[in-house]
Amino acid sequence: MTFRNFKMVGYVVYGRGAFNQLDEIITPHREQKKPMVFLVDHFFEGSPLINRIPVRENDKILFADVSYEPKTTYVDRLAQQLKDEFGKISGVIGIGGGSTMDLAKAVSLMMNNPGSSADYQGWDLVKNPGVYKAGIPTLSGTGAEVSRTTVLTGPTKKLGMNSDFTPFDQIVLDPELTANAPVNQRFYTGMDCYIHCIESLEGTFLNEFSKSYGEKALQLCRDVFVNKNTWDADCDDKLMMASYAGGMSIAYSQVGVAHAVSYGLSYLLGTRHGIGNCIVMNHLEEYYPDGVKEFKHMVEKNKIEIPAGICRVLTDEQFDTMINVSLGMKPLWENALGKNWEKIMTREKLRALFEKL
Ligand code: NAD
Ligand code: ZN
C-alpha cells in the first residue's frame, strides 16, 4: 500500500478584508521588470474591486472570459499573448470563480512549459513549475483554490492538468468578495461543495483524513443552506471555509457518480459544473439516498430551479459520447461503487440515467 503524498497550497490567508493585504503578499514575488498579471473574472469589469487591485508600473489586468468553462485553446491563447507582450512575467493572480482560478493555474504552468496545455491533460505530465500563482475566490464551493488540478476542455477530453506544480503558491480567502453573488449561482457552486462531501464521505476511498474535512464541510453547508433562513455575512464566511475543507477532503479521496455523469453533460452540452452536478444529483437516490433527500430539501428551501429534460432530444451517438466521457472517469467510479464498478455501472444503466436528466 502506498499512500498519496500530495502537494498543498503554499500560503493561506483568511478573513474579511484580507484582499487588502494583496500588495504586501505579492511584493516579494515581483521580479525586476517582469509584470504581475491579474487575471480577473469578467464579471468584475468596471466594478469597485478593480480599483483595489495593487497594480504597479507595467502590471497588467486581463479580464477572463468565463462565458464558457476553460478550454485548452483559451489557456494557450492567454499564455501566448503574455509571452508576446512581455516575454516573461513575475506571476499570475487569478481573481474569480473556479473557472478563473483554473485559468490562472493553467496559464502560470504554460508560461514555463512548451507546447499546448492539451498535452498536459492527465496525471503528472507537467514537466516544469509554472510562474508564481495566487488564487482569490469570488464564489465558494469548487475547492479549486486548494486542488492540484485545473479542469480544462481540450480537443479530445475534459480533464485537468493534475500535477504537483498545479496548486497555488498563495490563496487569499476573503468572504467579502462573494457577498454579491447571485442566489442561483451561489447555490449551484455551493452545491458543488455539498456534493464533494457526499461523494467523498460515501466513497470507498474514504480515510480519516478526508472524513475529518468532509464532515466539517458538510456541517458548514448545512448551516448555510438548511439552518439559515436569510443569507448574511456569516453564510459567506462559512461557505468559503466549506469550500476549502471540501477540497481538502477530496484531495485524499475522490468524487463520485454525480461528477462522473456531470462531466459527460459538460463535454457534450457545455453544461456548467455546478448546475450540471445539481441536475445529476437530483436523480441519484439509488447511490446517495440520504444526500439526495437533503439536496432536494435544500433546493426547495432556497427556491432554486434545477433544469430537467436536457437530454430529451439527443441522438444515440450523442448518448454514446457522454457515456464514453463518463465511463472514462475510472477513479470516480471506483470510489463510488468499488473495484467491481464496471459490472455495476453498465453502458445500459448509464444510458438510462442520462435519459432521466
Ligand atoms: P465559474 O467560475 O464558472 O463562474 C460562474 C459565473 O459566475 C460566471 O459567469 C462568473 O463570471 C460569475 N461570477 C464569479 N464570481 C462572481 C461574483 N462574486 N458575483 C457574481 N458573479 C460571479 O463558477 P464556479 O462554480 O466557481 O466554477 C466552476 C468551474 O470550476 C468549472 O470550470 C469547473 O470545471 C471548475 N472546477 C475546478 C475544480 C478544481 O479542482 N480545479 C473543482 C471543481 C470545479
Ligand atoms: Zn466539483
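Please read these numbers as outputs of a predicted model, since none were measured by experiment.

Calculation criteria
- Residues numbered from 1 in each chain as written.
- Chains lettered and ligands numbered in written order.
- Predicted model: local features only at pLDDT ≥ 70, side-chain atom pairs only at ≥ 80, totals over all residues.
- Heavy atoms only, no water.
- Helix = DSSP H or I, 4+ residues; strand = E, 2+ residues; numbered from the N terminus.
- Buried < 20%, exposed > 50% of the residue type's maximum accessible area, 1.4 Å probe, protein only.
- Contact = heavy atoms within 4.5 Å.
- Areas by Shrake-Rupley, 256 points an atom, 1.4 Å probe, with all protein chains shown as cover.
- Lys, Arg positive; Asp, Glu negative; His and termini not counted.
- Charge placed at Lys NZ, Arg CZ, Asp CG, Glu CD.
- Domains from an automatic or database assignment.
- Buried area = accessible area lost by both parts, 1.4 Å probe.

## Description of the overall build of the chain
At step 1: If you tally the helices and strands in the chain, you get 14 helices and 9 strands.
At step 2: Taken along its principal axes, the extent of the C-alpha atoms in the chain is 60 × 45 × 45 Å.
At step 3: Buried positions account for 57% of the 357 residues belonging to the chain.
At step 4: Expressed as a percentage of contacts within the chain between residues at least 6 apart in sequence, the contacts between residues at least 24 apart total 76%.
At step 5: Of the accessible surface of the chain, which amounts to about 15,600 Å², a share of 51% is contributed by carbon and sulfur atoms.
At step 6: Each charge class in the chain can be summarised by its mean position, and for the 38 positive and 43 negative side chains these summaries are 2 Å apart.

## Observations regarding helix α9 (residues 273–281)
The periodicity of an α-helix, 3.6 residues per turn, causes residues three or four positions apart to be oriented the same way.
At step 1: Most of α9 is tucked away, with 9 of its 9 residues classed as buried.
At step 2: Of all the residues in α9, the buried ones are His 273, Gly 274, Ile 275, Gly 276, Asn 277, Cys 278, Ile 279, Val 280 and Met 281.
At step 3: Buried residues along α9 sit in contact with α5 (183–201), α8 (257–269) and α10 (289–301).

## Here's the deal with unusual backbone geometry
Glycine aside, residues mostly have negative phi, and peptide bonds are mostly found in the trans state.
At step 1: You will see that Lys 33, though not glycine, has its phi angle at about 65 degrees, which is positive.
At step 2: Note that Lys 33 resides in the loop between α1 (22–26) and β2 (36–41).
At step 3: Lys 33 gets classed as exposed once you look at its relative accessible area, which sits at 75%.
At step 4: Backbone geometry at Glu 57 places phi at a positive 25 degrees, although glycine is not the residue there.

## Focus on the domain arrangement of the chain
It is common to give the size of an interface as the accessible area lost on bringing the parts into contact.
At step 1: Along its sequence, the chain is carved into domain 1 (11–178) and domain 2 (183–356).
At step 2: Relative placement of domain 1 and domain 2: their C-alpha centres are 25 Å apart.
At step 3: At the interface, 28 residues of domain 1 touch 22 residues of domain 2.
At step 4: Roughly 2,200 Å² of surface becomes buried between domain 1 and domain 2 when both sides are summed, with 58% attributable to carbon and sulfur atoms.

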